[in-house]
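Per-entry structural report
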Amino acid sequence: MRAIEAFQEVLLQQQLVYLAERSPFYQRLFAKHNIDVSNVKTLSDLQSLPTTCKDDLQLYNDDFLCVPPEHIIDYCTTSGTLGTPVTFGLTDKDLDRLAANEMQSFETVGIKQGDRVQLMTTIDRRFMAGLAYFLGLRKLGAGVIRVGSGIPQMQWDSILKYKPTYLIAVPSFLLKLIEFAEQHDIDYNKSSVKAVICIGEALRDKDLNNTILTDRIISKWNIKLHSTYASTEMGAAFTECGHFAGGHVQPDLIITEIVDDEGEVVADGESGELVVTTLGVEGLPLLRFKTGDIVRKHVEPCACGRHTYRIGPVEGRKQHMVKYKGTTLYPPAMHDLLAGFPEVLLHQIELFHNEIGTDEIVIRLVSANSSEEFIGGIKDHFRAKLRVAPKIELCVLEELQQSVFNPLSRKPITFIDNRV
């Protein structure tokens, strides 16, 4: 581990010099706090520097850029989950770095040259992830089947025709693939698919045990599900190996810290907010960027033999924390509980402040069973697992679909935060 830290410290010093020379935002920040970057020698020295956050990126987006516009090859934007989308300009070198990141991630999963991978996410709409997957697979020498998101029939047509060994998909969509296959006599357990790289939803809980959603999928389909966690801001991914004990860090691409509400680094294994420093980025590098994601760091040796630590699943987003009837909740836990009810065909969680200023939760859902007994069973399950039961509203499928699958959004909108 010390060898990895020493390696990262060299890259960190290079990145700090680059920021001091090229970034208008960080030049102002360093001047304001009288920071001499040459004094930052070790990873622990990072904690003497101020953090940046999404608000900074939204307010001063252009000032973070370190290259002139003519050096930008590709424009990506964040999804805007936590506010106004932010633009990231990538240079040619940044695209090479992005390809290397995903190639290393896919190698962690076990994908090899010659494998075929079906990409079930969008590659357009300035979406970095879809582009990264394609570049990484191309660099690795794997075949790419670019189907895009949704449409189970098209997905199965491609699976049966091109016989991919891996899929890249949102895990909850796999339930729709299973349902379609069962309705159309497709023997999915005899298909070519042996594993899925899953994005956007947690596969494990805080103790690295399978979530309800994961168990529902693998109880029917004999495939391996690998979690990968990344963001546009990080330009790097944490991907599970075959031992499913958290996503391995790529130390040549990113430095991580996990901090408490006061900004102090928490003990390994404790939950806190992930703070990242990107390494080797030309266009828009970030120093001590607070992601808002609540995670845990796992440092015990992994059975795969890699010496890198791992980052556990996102347990929630700091801005999405809910205080409901004295209990602290995060949306991922609610999503996973609902995944345990096959009768729930579609759902959306909304937060808002009530007339006395406290948090309220409404779960809108479409269900094959709309009986009071069934809805009561969902509430009882919430009480048993999370100690509280939110309000539940039954909806018409067509109406909820319009809200969840908004054509202007790159992702299904299953969570809305209307709190001030």
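Bear in mind that the values here come from a model prediction, so they are computed numbers and not experimental data.

1. Quick look at the packing of aromatic side chains
According to the stated counting rule, one finds 10 aromatic pairs in the structure shown. Taking the centre distance of 4.1 Å and the plane angle of 20 degrees together, the rings of Phe25 and Phe64 count as stacked. Placement of the pair is Phe25 in helix H2 (residues 24–32) and Phe64 in the loop between helix H3 (54–59) and strand E1 (74–77), with a sequence separation of 39 residues. A residue is classified by how much of its surface remains accessible, and Phe25, at 7% relative accessible area, is buried. Ring geometry for Tyr26 against Phe30: centres 6.1 Å apart, planes inclined by 35 degrees, an arrangement best described as tilted. Here Tyr26 and its partner Phe30 are both found in helix H2, four residues apart, which amounts to about one turn of the helix.

2. Examining the pairing of strand E19 (residues 359–367)
Of all the nine residues making up E19, seven are buried; the element is thus mostly covered by neighbouring parts of the structure. Across four bridges, the pairing between E19 and strand E20 (residues 391–394) is parallel. Directly across from Ile363, in E20, lies its bridge partner Ile392. Of the crossover connections in this fold, the one passing from E19 over helix H10 (residues 372–386) to the parallel E20 is right-handed.

3. Points about the pattern of salt bridges
Going through the model one piece at a time under the given rule, you end up with 15 salt bridges. For Lys54, the salt bridge identified is with Glu233, shortest N-O distance 3.3 Å. Of this pair, Lys54 sits in helix H3 while Glu233 sits in the loop between strand E7 (224–230) and strand E8 (237–240), and the two are 179 residues apart along the sequence. There is no split in this pair, since Lys54 and Glu233 are both buried. For Glu240, the salt bridge is made with Arg204, and the minimal N-O distance between the two is 2.9 Å. Here Glu240 is found in strand E8, whereas its partner Arg204 is found in the loop between strand E6 (195–198) and helix H8 (212–218), with 36 residues between them in sequence. In this structure Glu240 comes out as buried when scored by relative accessible area, which is 3%.

4. Looking at the packing of helix H4 (residues 92–109) against helix H5 (residues 128–140)
Close contact between H4 and H5 brings their axes to 7 Å; oriented N to C, the two are set at 70 degrees. The pairing of H4 with H5 is recorded here as roughly perpendicular in orientation. Judged by residue contacts, Leu95, Leu98, Ala99, Ala100, Glu102, Met103, Phe106 and Glu107 of H4 engage Met128, Leu131, Ala132, Tyr133, Leu135, Gly136, Leu137, Lys139 and Leu140 from H5. Tallied by class, residues from the contact of H4 with H5 come to 13 nonpolar, one polar and three charged.

5. Quick notes on the sheet that holds strand E10 (residues 254–259)
Strand order in the open sheet formed by four strands is E10-E11-E12-E15, with antiparallel pairing between adjacent strands. The sheet is open, and its two borders are formed by E10 and strand E15 (316–317), each paired with just one other strand. Across two bridges, the pairing between strand E12 (residues 289–295) and E15 is antiparallel. Among the inter-strand pairings, Asp293 is bridged to a residue of E15, identified as Arg317.

6. With respect to the side chain of His248
With respect to the helices and strands, His248 occurs in strand E9 (residues 247–248). Given the relative accessible area of 3%, His248 is considered buried. Within the local environment of His248, its side chain forms a polar contact with the side chain of Thr308, the two groups lying 3.0 Å apart. In this structure His248 touches Thr108, Ala237, Phe238, Thr239, Cys241, Cys302, Cys304, Arg306, Thr308, Tyr309 and Arg310, once residues within four positions along its chain are discounted.

Cut-offs and rules
- Residues numbered from 1 in each chain as written.
- Predicted model: local features only at pLDDT ≥ 70, side-chain atom pairs only at ≥ 80, totals over all residues.
- Heavy atoms only, no water.
- Phe/Tyr/Trp six-rings, centres within 6.5 Å; stacked < 30°, edge-to-face > 60°.
- Helix = DSSP H or I, 4+ residues; strand = E, 2+ residues; numbered from the N terminus.
- Buried < 20%, exposed > 50% of the residue type's maximum accessible area, 1.4 Å probe, protein only.
- Pairing = 2+ DSSP bridges.
- Right-handed = clockwise from strand over helix to strand, strands pointing away.
- Salt bridge = Lys/Arg side-chain N within 4 Å of Asp/Glu carboxyl O.
- Axes fitted to C-alpha atoms, helices over the stretch in contact; angles between N-to-C directions.
- Parallel < 35°, antiparallel > 145°, perpendicular 65-115°, else oblique.
- Contact = heavy atoms within 4.5 Å.
- Nonpolar A, V, L, I, M, F, W, Y, C, P; charged D, E, K, R; others polar.
- Polar contact = N/O pair within 3.5 Å; in protein donor to acceptor, adjacent residues only side chain to side chain.

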